Amino acid sequence: MKRFFSLKDFDFNHKHESEEARRRWRSAVTIVRNRTRRFRYVPDLDKRKEAENKMLKFQEQIRIALYVHKAALHFIDAGRSVEYNLSDEIRKENFGIDPEELASIVRVHDIKRLRNKGGVEGIARKVSVSLDEGVLSSSLATRQKIYGLNRFTEKAPKSFWMFVWEALQDITLIILMFCAAVSIGVGIATEGWPKGMYEGLGIILTIFLVVIVTAISDYRQSLQFRDLDKEKKMIIVQVTRNGSRKKIPIYDLVVGDVVHLAIGDQVPADGVFISGYSLLVDESSLTGEVDPVSINEEHPFLSSGAKVRDGLGKMLVTAVGMRTEWGKLMETLSEDGQDETPLQVKLNGVATLIGKIGLTVGVLTFVVLTGRFLVEKALRNEFTDWSSGDALILVDYFATAVTIIVVAVPEGLPLAVTLSLAFAMKKLMNDRALVRHLSACETMGSATCICTDKTGTLTTNHMVVDRIWICDTVQEISGTDKSNYTLEISERVLSTLLQAIFQNTSGEVVKDKEGKSSVVGTPTESALLEFGLLLGGDHDAQQGQFKILKIEPFNSDTKKMSELVALPEGGTRAFCKGAPEMVLRMCDNIVDCKGEPTVLTEKLLEKTMKIIDGFTSVALRTLCLAYKNIDSNASAHSIPDSGYTLIAVVGIKDPVRPGVKEAVRTCLAAGITVRMVTGDNINTAKAIAKECGILTHNDNAIEGPEFRSKSPDEMKKIIPKIQVMARSLPSDKLNLVTHLKNMFGEVVAVTGDGTNDAPALHRSDIGLAMGISGTEVAKENADVIIMDDNFSTIVNLAKWGRAVYINIQKFVQFQLTVNVVALVIDFVSACITGSAPLTAVQLLWVNMIMDTLGALALATEPPNDELMKRPPVVKGAGFITKAMWRNIIGQSIYQLIVLLLLDFDGKRLLGLTGSDATEVLDTVIFNSFVFCQVFNEINSRDIEKINVFKGMFDSWIFLVVIISTVVFQAIIVEFLGNFATTVPLSWQLWLLSVAIGSVSLVVGIILKCIPVESTHKPSHHDGYEPLPGGPDAA
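A separate point is the overall build of the protein. Across its full length, the protein carries 36 helices and 26 strands. Counting only C-alpha atoms and orienting by the principal axes, one finds that the protein spans roughly 120 × 75 × 55 Å. In the protein, buried positions account for 55% of the 1034 residues. With the model as given, the accessible surface of the protein reaches about 43700 Å², and the carbon-plus-sulfur share is 57%. Taking the 111 positively charged and 121 negatively charged side chains of the protein as two groups, their mean positions are separated by 1 Å.

Shown next as C-alpha cells:
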C-alpha cells in the first residue's frame, strides 16, 4: 500500500538527470486517461536513442566517405572523376558551375577538383562573385533559385484537427461516448423520440465541447512553441555584400556569400577558405572527431555545423541547406520534444496518486449504486424481471462512475505546467529573453545566486576612449570638441599609435553609399577604431600599406591580441594590445616624446602602474598598446612574446546601464546574491560594482590568481563573502559555480558570452548566454539567451520563474478542492441515497472548468512585483505547502457541508414542493457547486494574502475565463436542461447559488487568518534573513 501511494519515483533533477530516472518516472505513471496528450511534450526516450544511433551512423558514413575519397585520389586521376553538365538555366544566369558539383567539392574535400577549377578565386568567378565586394543584393533571388535556400527540411507542423484527434484519444471519453450511444439506443426504445435521446446526446455534446476547448488550448500552445523554436534556430552571420560588411540571418545566406568567421561562431554553410589566421574548427558535431581541424590554403574546406575553436577568417559559401551534410543530418533527426521539467514530473506523480484514489472512488461508487439497485430490486421481488429502463439506469450508473474518474484523474495537472511555461516563454521572448530549455524558466524561480559578467551585462557595452596616457602625459578625450580634436604629440608618435590601432584589430571600418564611415567589430575594437578615426587616421590606407603575416586573435586566456606585419620599407613589425598585466610584462621600452624607444625603468614602470590605477579607479577599462621591430634574422612568421615598446595606455569608458542598480537591489530584496565575475582590472571592477550596488566592502573583492591559489578549506571560508572576482579566467568562473553548488547547495545562474564560458554555462543550474555579444558556442551551451545583454532582463526572468511556480500552486490548490468535493459528494450521496446528485454531463462540464479553463485562468497569470519581495523557492521543498492544505481542506469542508445539507434536506430548507422539486434541488446543487468553484478560482489567485482582487483586472485571460464560465453555466441551466438534466431556476434560487458560492471568499479570508508554520525556513549563508511568511508575504 505504501508503494501504491509513494511519490519517490517522481524525484527529478532539473539538469543533467540520468536516463534511468527518466524511465523510472515514466513507468510509474500508471493512471493516464490520454497518454498521447499527457506525453506530447515529453521526449520519447526510445526514439531519442534511435536518433542518437542514427546520428552516430551518419557521422561514421561521413568519415568513411572522406577517407575513401582521399585514398581513391591516390589511384584515380582527377580528370576521370564524375562530369557535370551545365543546364541552360545555369548558363542563362551567367553561372559556370553546377550546384551538385560545387557542393560535392566540399562534401568530399576534393582538393584536386578545387585546384582544377582555379582554387577559391576560380570558384568565385564561376559563381559570379567578387571576393572583395561579395554578393550583390540584386542577385539574391537568382542564387536562391539556382543553388537553393539555406533551410533544412523540417517535419510539417500539426494541424488543428490533429489536436482534435489527439483530444479524442482520452479513454474515459471513449467509454462515455459508448455509454452515450447505448443510452440513446435504450432511451429511444423506452421513452421514444426525441425524449429518449436527450441524456445520451447531452453527454456527446459535452464531450464535443471538452474536445474542442482542449484542442484550441493545445493548438495555441503548439504555435507558441513553434515561434520559440524558430527564434532558437536563428543565427546572425556577418557577410560582405555590395562591398560592405553587414549582419544577416542565417536563412538569408546564399551561395557566393563571403562569410566572416571568429572564435565561437558556427560555420553557417559549406564553403572554401579565402583568408584568415590560426583558424581552428571543431567538426565533432558532424564527424564525431574530437580533435580540432586547422583550416588553411592546404586544407581549405569548411563544413556547415562546425564550430570555430580559435582564430578568424573568411570563407566563400559553396553549398547551403539540404546540399550540405549538416542539412542531411538535421533531416534525419526528428524533433523529440523538450526535456521534462521537475515540476512536470512532480505533478505527473501527484496526478497519478490522485488518479489512483479517483479510480478507487469511481469503482466503489458504481459498486454501491449497482448494489443498492440490485438489493432494492430483490426486496421488491423483481430480481428476475428486467426491462430496458433497468438497463438504462445501470448505464447511467456506469457513465456517472466513469465521469467521476474523468474528474478524479487530473489530466490537466502536468499539462498546466507546460501551458504556464509556454505562456511565460512567449512573454519572456517579447521581453528579450529567449528560453532554450523549459526547465530553466522554472528553475530560475529557485535561483539564490547570479554570477554575472560586467561588460555588456551591467554596463551598456557602448565603449568610447575616455583618456589616454602617451608621451608621459594624460590627455582626456571626453567632453572635448571632437570635430577638430588632436593629440598633443609628435607626428612620429601619432603615426606609430595609428598603426597600432588600425593594424592590430579584428574590427573593420566600412563605408555606405554616401561615403559615411561606420565601425564593425566588438565594442572594444569599435572604441579604438573610432578613436583612430577621430585622430584623422585612414583605416583603408593603413591596411593597404602593410602586409599581414600572422594574427593571434584575442581570447580570454591570453587577454591580448597580437599581429605581425611586413613594413613597406622592408623588415617586420609586431603589434600587441591587451590587459596591462599581460602586455607590460612583455615590454622593455617605452615611446618617448620624439617617438624613440626609451628603456622602461622600474621608476617608469611604477609610474605606469599608478596611471593605470588612476584610470581604473574611475571605472575605466585599460588597454596597453605596444610594438616591436623585428630584425631580419628572426623567424619571419613568429610573433615574439618579449622585447616590446609600450606606446600608450588607453582608458575606455563603458557606462553602467540605466536601471541596473535598481535591478540589483531587487535581487537582494528577493534573497538572490549577485556576484560580478570579470576579466577586468580589480579597481575597475570595484568601481563598477559599487556603482551597481553589488560591492558593499572592498574586502569582498578578489582576483582570479588569488582565488585559484586557495585550498578547499580556505575557499569554504571566503566564497560566501565574494561579491567581485576580477582578472578571472573562465576556469575561475567554473570553479566558483561548482563550489557554490556543491559546498553551499546554491541554485546558481551564470552569464557568459565567450566560447570558454561554455563549461560554466553547462555546469550551472541556469546558463545565461548573451544574445548580442555571445558566441554561438556559448548560446548552444546556455539554457536562456538574454537577447539585449541586459541584467534587468535576468531579474525579469527570475520574476517569471517564480510566477510559474506560484501559478501552478494556485491551480493545484483550485483543482484539488474541486476533486475532493466532487468525489466526496457523489460517493456519499450514492452510499446514502442511492443516486449521485451530479450527472455525467454536469461532471464533464465541471471537469472542463477545473481542467482546461482553470489552467488557462490561473496558470497564465502575469507576475507582480511582490514576488521579488520574498525568498527564492526552496530547492527540494514540498510542492503542496501547509498553507495550500489549509485552504484546500477549509474550502472543501465548507462546500461539502452546504452541498450535502442541500442534498439531504434541501427540499425542506428551500420549501420546494411539486413534481419537479427533485429536479429543481439537483439543479440548485449543481449551480451552487459551479459557483463555489468560480469564487474559489478567484480565491486561489493568492495562497497567502487576503486581497485576491489585486491585479485581477490586469489579467484579461482570467477575466475571460470567469465570465465565459458564468455565461455558459447560465445557458446550461436555463436552455440546455434536456441535455444536462437541469431545469430553469427562479431569480431567488439563482441569487442563492451565487451567494453560496460567494461565501467561499469569506471562508478564504477566515482561513488565511489561521497561521501555518512554514515547513522550510531557508537560512542563507550570505547572512540575509528570509522575509516573513503569512499574509504579508507575496
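With that settled, consider the packing of helix 22 (residues 602-617) against helix 24 (residues 682-692). What describes two packed helices is the angle between their axes and the distance between those same axes. With their axes 7 Å apart at the nearest point, helix 22 and helix 24 run at an angle of 15 degrees to one another. When the axis of helix 22 is compared with that of helix 24, the two are roughly parallel. Seen from above, helix 22 lies across helix 24 with right-handed handedness. Together, Asp-613, Thr-616 and Ser-617 of helix 22 and Asn-683, Thr-684 and Ala-687 of helix 24 make up the contact between the two elements.

Turning next to the pattern of salt bridges. In this structure the tally under the stated criterion is 40 salt bridges. Notably, a salt bridge pairs Arg-107 with Glu-100, separated by 3.9 Å at the nearest N-O pair. The partner of Arg-908 in a salt bridge is Asp-905, with the nearest N and O atoms 2.6 Å apart. One end of the pair is Arg-908 and the other is Asp-905, both in helix 32 (residues 882-910) and three residues apart, which spans about a single turn. Look at Arg-908 and you get exposed, because its relative accessible area is 59%. Since its relative accessible area comes to 26%, Asp-905 is described here as partly exposed. Salt bridges here are not isolated pairs; linked through shared partners, they connect Glu-100, Arg-107, Arg-323 and Glu-325.

Summed over all chains, the structure comprises six cavities of 30 Å³ or more. Approximately 100 Å³ is the volume attributed to the largest cavity. Of all the secondary-structure elements, those providing two or more residues to the lining of the largest cavity are helix 11 (198-233) and helix 31 (840-858).

A separate point is the side chain of Gln-933. Along the chain, Gln-933 falls in helix 33 (residues 917-939). There is a polar contact of 3.0 Å between the side chain of Gln-933 and the backbone oxygen of Phe-929. Setting aside chain neighbours within four positions, we find Gln-933 in contact with Phe-814, Val-818 and Gln-895.

Considering the arrangement of structural elements, one finds Val-435 in strand 8 (residues 433-435). Sequence separation between Val-435 and Met-425 is ten residues, and the spatial gap between their C-alpha atoms is 6.1 Å. Every residue in contact with Val-435, bar those within four places of it in the chain, is listed here: Lys-232, Met-425, Leu-428, Cys-441, Asp-783, Val-784 and Leu-797.

We now examine the sheet that holds strand 24 (residues 748-752). Read from one edge of the open sheet, eight strands run 8-26-25-24-9-21-23-22, paired in mixed fashion. The open sheet has two free edges, formed respectively by strand 8 and strand 22 (701-703), since each of these has just one partner strand. Across the sheet, the mean angle from the axis of one strand to that of its neighbour is 20 degrees, orientation sign disregarded. Here two bridges tie strand 21 (residues 673-677) to strand 23 (residues 724-726), and the two strands are oriented parallel to one another. Paired with Met-676 across the strands is Val-724, a residue of strand 23. Contacting strand 9 (449-452), strand 21, strand 23 and strand 24, helix 27 (residues 730-744) runs over the sheet at an angle of about 170 degrees to strand 24.

On to the side chain of Glu-325. Tracing the chain through its elements places Glu-325 in helix 13 (residues 325-332). At 3.3 Å, the side chain of Glu-325 forms a polar contact with the side chain of Arg-107. Residues contacting Glu-325, with those up to four places away along its chain left out, are Phe-58, Ile-62, Arg-107, Asp-270 and Leu-286.

So, on to the state of the cysteines. Disulfides are covalent bonds that connect the sulfur atoms of two cysteines. Summed over all chains, the structure comprises zero disulfides. Cysteine Cys-471 shares no disulfide, and the gap to the nearest cysteine sulfur, in Cys-593, comes to 4.8 Å. Taking the relative accessible area as the measure of exposure, Cys-471 reaches 10% and is therefore buried.

What follows covers the nonpolar core. Ranked by size, the top nonpolar core spans 160 residues in total, and within it Leu-176, Met-444, Ile-766, Val-784, Phe-791 and Ile-808 carry the most contacts. With 20 residues, the top contributor of residues to this core is helix 30 (residues 791-833). Listed in part, the 45 residues of the second largest apolar core include Phe-95, Val-106, Val-237 and Val-320.

Once that is clear, we can look at the confidence of the model for the protein. Detailed reading of predicted coordinates is not advised where the pLDDT is low. Of the residues in the protein, 92% reach a pLDDT of 70 or more, and the chain-wide mean stands at 84. The secondary structure element of the protein with the lowest average pLDDT is helix 3 (residues 45-73), at 71, and the one with the highest is strand 20 (residues 644-653), at 95. Across residues 1015-1034 the pLDDT falls below 50, and counting only partners more than four positions away or on other chains, this stretch makes 39 contacts in the model.

For the coordinates displayed, the defined rule picks out ten aromatic pairs. Geometrically, the ring pair formed by Tyr-805 and Phe-879 is edge-to-face, given 5.3 Å between the ring centres and 75 degrees between the ring planes. With Tyr-805 in helix 30 and Phe-879 in the loop between helix 31 and helix 32, this residue pair connects regions lying 74 residues apart in the sequence. There is no split in this pair, since Tyr-805 and Phe-879 are both buried. Taken together, the ring pairs in this structure connect Phe-160, Trp-161, Phe-163 and Tyr-219 into an aromatic cluster.

By the criterion of burial, strand 20 is predominantly enclosed, with nine of the ten residues buried. Where strand 10 (residues 464-470) and strand 20 come together, six bridges link them in antiparallel fashion. Its bridge partner lying in strand 20, Val-465 is registered against Ile-652. Of the pairings in the sheet, the one linking strand 17 (residues 587-591) to strand 20 comprises three bridges and is parallel in character. Bridged to Asn-589 within strand 20 is Thr-645.

Conventions we followed
- Residues numbered from 1 in each chain as written.
- Predicted model: local features only at pLDDT ≥ 70, side-chain atom pairs only at ≥ 80, totals over all residues.
- Heavy atoms only, no water.
- Helix = DSSP H or I, 4+ residues; strand = E, 2+ residues; numbered from the N terminus.
- Buried < 20%, exposed > 50% of the residue type's maximum accessible area, 1.4 Å probe, protein only.
- Areas by Shrake-Rupley, 256 points an atom, 1.4 Å probe, with all protein chains shown as cover.
- Lys, Arg positive; Asp, Glu negative; His and termini not counted.
- Charge placed at Lys NZ, Arg CZ, Asp CG, Glu CD.
- Axes fitted to C-alpha atoms, helices over the stretch in contact; angles between N-to-C directions.
- Parallel < 35°, antiparallel > 145°, perpendicular 65-115°, else oblique.
- Left-handed = near helix turned anticlockwise from the far one by under 90°.
- Contact = heavy atoms within 4.5 Å.
- Salt bridge = Lys/Arg side-chain N within 4 Å of Asp/Glu carboxyl O.
- 1 Å grid on protein atoms, 1.4 Å probe; cavity = no way out; pocket = protein on both sides within 12 Å on 5 of 7 lines; lining within 4 Å.
- Points joined across faces, edges and corners; volume = space filled by probe spheres on them.
- Polar contact = N/O pair within 3.5 Å; in protein donor to acceptor, adjacent residues only side chain to side chain.
- Pairing = 2+ DSSP bridges.
- Disulfide = S-S within 2.5 Å.
- Core = buried A, V, L, I, M, F, W, Y, C linked by side-chain atoms within 4.5 Å.
- pLDDT = per-residue confidence, 0-100.
- Phe/Tyr/Trp six-rings, centres within 6.5 Å; stacked < 30°, edge-to-face > 60°.

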